[in-house]
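# Observations on the three-dimensional arrangement
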Amino acid sequence: MLLFGAYAQYEAGKTVKSMKTNKDQRKVDRATGADREFMRRALELSEIAIRENHGHPFGSIVVKDGKIIGEGWNKSKILKDPSAHAEIEAIRDAYKKSSDGDIKGSIIYVSAQPCPMCLSLIYLSGITRVYYSIPHSKIEEYNKDLSVEYVFKELSRQQNERSIPEVQLLRSEGDKYIKSYN
């Protein structure tokens, strides 16, 4: 038994070492001075949300090729729109300002770790990296009303186990519309 434990520890150590030296490993932990300045701008935008009473205290920017191409802060209260999160607003702004309607390859800086809705849009828009200041765990500590952990838990469940039922209707009729899209 002692030998198995030592072997398991040895193998685990090798795995960790190979993970650290893996050439394909993302270099997320190597933030630059520019990254820190961009994050400071996202945090400044959080202050606007608070000061102007627009919504929750979150800010975000989208950066491409070292330049800010979109900015946003939470406007859910002022717009009466639960989707007006800082990330959504920054991505919308970036698309509006983009000459070709493409923000693929950009980076997003957010004051707090993105919720599931924002994270989905980040993936769909082709953003390649997310920097955040406040992790989900801290958000819940600061203010339980701002926590989205329950959404992550719900989405991790099988569709038929979620608290909000999803019911398919008129599949064949819907199929003709999706098939007609080129």
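Parameters at a glance
- Residues numbered from 1 in each chain as written.
- Predicted model: local features only at pLDDT ≥ 70, side-chain atom pairs only at ≥ 80, totals over all residues.
- Heavy atoms only, no water.
- Helix = DSSP H or I, 4+ residues; strand = E, 2+ residues; numbered from the N terminus.
- Buried < 20%, exposed > 50% of the residue type's maximum accessible area, 1.4 Å probe, protein only.
- Contact = heavy atoms within 4.5 Å.
- pLDDT = per-residue confidence, 0-100.
- Phe/Tyr/Trp six-rings, centres within 6.5 Å; stacked < 30°, edge-to-face > 60°.
- Lys NZ or Arg CZ within 6 Å of the ring centre and 35° of its normal.
- Pairing = 2+ DSSP bridges.
- Right-handed = clockwise from strand over helix to strand, strands pointing away.
- Core = buried A, V, L, I, M, F, W, Y, C linked by side-chain atoms within 4.5 Å.
- Axes fitted to C-alpha atoms, helices over the stretch in contact; angles between N-to-C directions.

## Some thoughts on the overall build of the chain
Counting its regular elements, the chain contains 8 helices and 4 strands. In sequence order, the chain lays out its α and β elements as α-α-β-β-α-α-β-α-β-α-α-α. The burial tally for the chain puts 30% of its 182 residues in the buried class. Long-range contacts, defined as pairs at least 24 residues apart, comprise 45% of the intrachain contacts of the chain with a sequence gap of at least 6.

## A few points about the confidence of the model for the chain
In low-pLDDT segments, the atomic positions of the prediction should not be examined closely. Residue-level pLDDT values for the chain average 85, and 84% of them are 70 or greater. Every residue in residues 1–25 scores below 50 in pLDDT, and together they form 2 contacts with partners more than four places removed in sequence or on other chains.

## Concerning unusual backbone geometry
Of note, the phi angle at Asp-65 is positive, near 50°, even though the residue is not glycine. Following the sequence through the fold, Asp-65 ends up in the loop between strand S1 (59–64) and strand S2 (67–73). Asp-65 gets classed as exposed once you look at its relative accessible area, which sits at 72%.

## Side note on the packing of aromatic side chains
Scanning the model with the defined rule gives 2 aromatic pairs in all. Between Phe-38 and Tyr-109, the aromatic rings sit 5.3 Å apart at their centres with planes inclined by 50°, giving tilted as the arrangement. With Phe-38 in helix H2 (residues 33–51) and Tyr-109 in strand S3 (residues 107–112), the pair connects residues that are 71 residues apart, well separated along the chain. Of the two residues, Phe-38 and Tyr-109, both sit in the buried class. Ring geometry for Tyr-109 and Tyr-131: centres 5.1 Å apart, planes at 10°, overall stacked. Of this pair, Tyr-109 sits in strand S3 while Tyr-131 sits in strand S4 (residues 129–134); the two residues are 22 residues apart in sequence, bridging distant segments of the chain. Of the two residues, Tyr-109 and Tyr-131, neither departs from the other in class, the shared state being buried. Among the aromatic residues, those joined into a ring-pair cluster are Phe-38, Tyr-109 and Tyr-131. Positioned above the aromatic ring of Trp-73 is the side chain of Lys-75, whose terminal nitrogen or guanidinium carbon lies 4.4 Å from the ring centre.

## Side note on the pairing of S4
Two elements, S3 and S4, share 5 bridges in a ladder whose sense is parallel. Considered in S4, the bridge of Ile-107 is made with Arg-129. Chirality of the crossover, the property in question, places the unit of S3, helix H5 (residues 116–125) and S4 among those that are right-handed.

## Section: the nonpolar core
Nonpolar side chains tend toward joint burial in soluble globular proteins. Counting residues in hydrophobic clusters, the biggest one holds 11 residues: Phe-38, Met-39, Ala-42, Leu-45, Ile-48, Ala-49, Ile-61, Val-63, Trp-73, Tyr-109 and Tyr-131. For this core, the secondary-structure elements that each account for two or more residues are H2 and S1. Here this core gets 6 residues from one element, more than from any other, and that element is H2. The residues touching Leu-45, leaving out its near neighbours within four places in the chain, are Phe-58, Gly-59, Ser-60, Ile-61, Glu-71, Gly-72 and Trp-73.

## Remarks on H5
In an α-helix there are 3.6 residues to a turn, and that puts residues three or four apart on one side. Residues of H5 that are buried: Pro-116, Cys-118, Ile-122 and Ser-125. The secondary structure elements touched by the buried residues of H5 are helix H4 (86–97), S3, S4 and helix H7 (149–156). Where H5 terminates, the next one or two residues include Gly-126, which has phi positive at roughly 85°.

## A word on the sheet that holds S4
Across the sheet, which stays open at both edges, the 4 strands sit in the order S2-S1-S3-S4 with mixed pairing between neighbours. Edge positions in the sheet fall to S2 and S4, since each has one partner strand and no second. Adjacent strand axes in the sheet meet at a mean angle of 15° when their direction is disregarded. Of the strand pairs in this sheet, S1 and S3 are connected by 4 bridges, and their pairing is antiparallel.

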